[in-house]
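Okay, here's what each chain looks like letter by letter:
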Amino acid sequence: MSLSEDLERAAAAAETFAAPGERVTGVVAAEPVGAGRVYLCAYESAGGYAWLALDDDGRPVGDRRLVHEAASLAALCEVAEEAAGGGDLAELRLRLAELRATEAPDGIEAAEAAAAALEAAIEPEPRIAAAAYLDALGVASRRLEQALGDEGGSPFAVALQQAMPAVEALAADVERGYKGPLA
């Protein structure tokens, strides 16, 4: 079964847990380290948002740590994709091509190759939020940063660190608005 089909199956399962007036507005697949796949489902109603995590069999997840990790991982993957290549990878690739054509500085081919590798590392939607995906984005981002001459700290890593309060706030919101008991 494809990931799209898995997400559709999870969304259908999530619908069975919707309260009157509530609708499923999104499903994200995550694979926390040491756990199976978790589908984080968002619900919307006139009263606001609610959340439910389902396992691969469509059953609600009751493990607070697992729900927190799935929400955090999904948020971190979104931040990582947005931060990759300085936030606008397509624009960076255009500027590198222009620079190669007009000035041809040493190392421009390596920078273009690193930017292309980073673009290839960004998976098309739908995707699974996983630590391995974060690692792949981090490695490809660092290679690009180094090819661009940044030998100091990683702007990509700094962006992820700066996003941690928002990531934790989202995970806390998921726990607060969870549709079932968490232990």
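Attention in this report is confined to the structure presented alongside it. (Residues numbered from 1 in each chain as written. Predicted model: local features only at pLDDT ≥ 70, side-chain atom pairs only at ≥ 80, totals over all residues. Heavy atoms only, no water.)

1. Here we look at the overall build of the chain
For step 1, the next point in the chain: Along the backbone of the chain there are six helices and four strands.
For step 2, the next point in the chain: C-alpha extents for the chain along the principal axes are approximately 65 × 35 × 30 Å.
For step 3, the next point in the chain: A total of 183 residues make up the chain; the buried ones form 41% of that total.
For step 4, the next point in the chain: Counting contacts in the chain only where the partners sit at least 6 residues apart, residues at least 24 apart contribute 57% of the total.
For step 5, the next point in the chain: Accessible surface, the chain: about 9700 Å² in total, of which carbon and sulfur atoms supply 55%. (Helix = DSSP H or I, 4+ residues; strand = E, 2+ residues; numbered from the N terminus. Buried < 20%, exposed > 50% of the residue type's maximum accessible area, 1.4 Å probe, protein only. Contact = heavy atoms within 4.5 Å. Areas by Shrake-Rupley, 256 points an atom, 1.4 Å probe, with all protein chains shown as cover.)

2. Observations concerning the packing of helix 4 (residues 108–121) against helix 5 (residues 131–147)
For step 1, the next point in the chain: Where helix 4 meets helix 5, the axes come as close as 8 Å, and the angle between the chain directions of the two elements is 165°. When the interaxial angle is binned, helix 4 and helix 5 end up roughly antiparallel. Remark: the crossing between helix 4 and helix 5 carries left-handed chirality. The segment helix 4 lies against helix 5, with A110, A111, A114, A115, A117, L118 and A121 engaging Y133, A136, L137, A140, S141, R143, L144 and A147.
For step 2, the next point in the chain: Taken together, the residues of the contact of helix 4 with helix 5 sort by class into 13 nonpolar, one polar and one charged. (Axes fitted to C-alpha atoms, helices over the stretch in contact; angles between N-to-C directions. Parallel < 35°, antiparallel > 145°, perpendicular 65-115°, else oblique. Left-handed = near helix turned anticlockwise from the far one by under 90°. Nonpolar A, V, L, I, M, F, W, Y, C, P; charged D, E, K, R; others polar.)

3. So, the environment of V67
For step 1, the next point in the chain: Among the secondary structure elements, V67 is positioned in helix 2 (residues 64–83).
For step 2, the next point in the chain: Here V67 falls in the buried class, since its relative accessible area comes to 1%.
For step 3, the next point in the chain: Distance from V67 to R176, taken between C-alpha atoms, is 11 Å for residues 109 residues apart in sequence.
For step 4, the next point in the chain: Leave out the neighbours within four places in its chain, and V67 touches A53, V61, V174, Y178 and L182.

4. What about helix 6 (residues 155–176)?
For step 1, the next point in the chain: Relative to the 32 Å expected for 22 residues at 1.5 Å per residue, helix 6 spans 32 Å between its end C-alpha atoms, a close match to the ideal helical length.
For step 2, the next point in the chain: Within helix 6, the axis deviates most sharply at M164, by approximately 45°, and proline P165 lies no more than four positions further along.
For step 3, the next point in the chain: Among all positions in helix 6, only F156, L160, A163, V167, A171, V174 and E175 are buried. (Expected span 1.5 Å × (residues − 1). Bend = angle between axes of the 7 residues up to and from the residue.)

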